[in-house]
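Spelled out from the first residue to the last, the chains are:
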Amino acid sequence: SSDSVSDGTSTTMDIDQVGSSNTLDYDITGSSANYTSNVSGNSNSVTTNVGTTGGSNGGADDVTITENITGGSNTVTTNVGSTSSTTTDDVTVTTDITGDGNTVTITENSTASSVTDKTTDIDITGDSNTVTASKSGAAQHDTTINHTGGSSTLSVTQSGAEASTVNVTTNGSNSTVTITVDD
């Protein structure tokens, strides 16, 4: 199957996916995009790619991604920029998940350099969840994870020139938290 694509400026999209075992693949290029995905169900797969394609409109600026997931065993993947040289900046990713056994992977390669330009906020409630956030490229990376539940694995890796901020709050038992910051 092929991905759905939003290629242009000033796009606002709200997708509601209800049910189990569904797949959503979405590519966003262009500026001023506001993308919201609401998923309710189990064993769903949601993949969002922002500014990861080549060409004259390969980057994406001023993009807000909001992902609200309720259910178990879901896989959520968000890729921002294909390389650190991709013109992708001012991107905000907010992911809220309630359920057990979910996997969240956020990978960002961005040219943005100010603290307000690259923010990721992940709120996850449930047990046995896996969260991996990786950011690289030009300066300033800001990641916040709020976790409630047990036996989860949380990993944040941030690298690139200068400032990085990581805030992790976890409430529960038997979870593993790994934070790596490299300049």
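Refer to the structure presented above.
The rules behind the values
By convention here, each chain's residues receive numbers from 1 onward along its written sequence. At least 70 in pLDDT is required for a residue's local features to be given in this predicted model, at least 80 for side-chain atom pairs to be given and counted, and no such filter applies to totals for whole chains, interfaces and linings, which use all residues. No hydrogens and no water enter the side-chain calculation; it runs on all heavy atoms of the structure. Runs of H or I in DSSP of at least four residues are treated as helices and runs of E of at least two as strands, each being numbered from the N terminus. Within this scheme, the nonpolar core is defined by two criteria: the residues are buried Ala, Val, Leu, Ile, Met, Phe, Trp, Tyr or Cys, and they are joined through side-chain atoms within 4.5 Å. Accessibility here uses a 1.4 Å probe with only protein chains present; expressed as a share of the type maximum, an area under 20% marks a residue as buried, one over 50% as exposed, and anything in between as partly exposed. Any two residues whose heavy atoms approach within 4.5 Å are treated as being in contact. The pairing criterion for strands is at least two bridges between them, as found by DSSP. Orientation is described by axes fitted as lines to C-alpha atoms, over the contacting stretch for helices, and by angles from 0 to 180 degrees between their N-to-C directions.

S.K.: Quick one: what's the story with the environment of T9, residue by residue and with numbers?
M.R.: Considering the arrangement of structural elements, one finds T9 in the loop between β1 (4–7) and β2 (12–18). As a C-alpha pair, T9 and A33 span 24 residues in sequence and 6.7 Å in three-dimensional space.

S.K.: Which residues make up the nonpolar core, and what values do they have?
M.R.: Counting 27 residues, the largest nonpolar core has Y35, V104 and V131 as the members making the most contacts within it. Setting aside chain neighbours within four positions, we find Y35 in contact with M13, I15, L24, Y26, I28, T48, T64, I65 and T66.

S.K.: Before we move on, can you summarise the sheet that holds strand β15 (residues 176–182) with the specific residues and values?
M.R.: Pairing is parallel in the open sheet, where eight strands are placed in the order β1-β3-β5-β7-β9-β11-β13-β15. For this open sheet the edge positions go to β1 and β15, each flanked by a neighbour on one side alone. Taken over all neighbouring pairs, the strand axes of this sheet differ in orientation by 5° on average, direction set aside. Direction of pairing for strand β13 (residues 153–159) relative to β15: parallel, over a ladder of seven bridges. Along β15, the bridge assignment pairs Q158 with V181.

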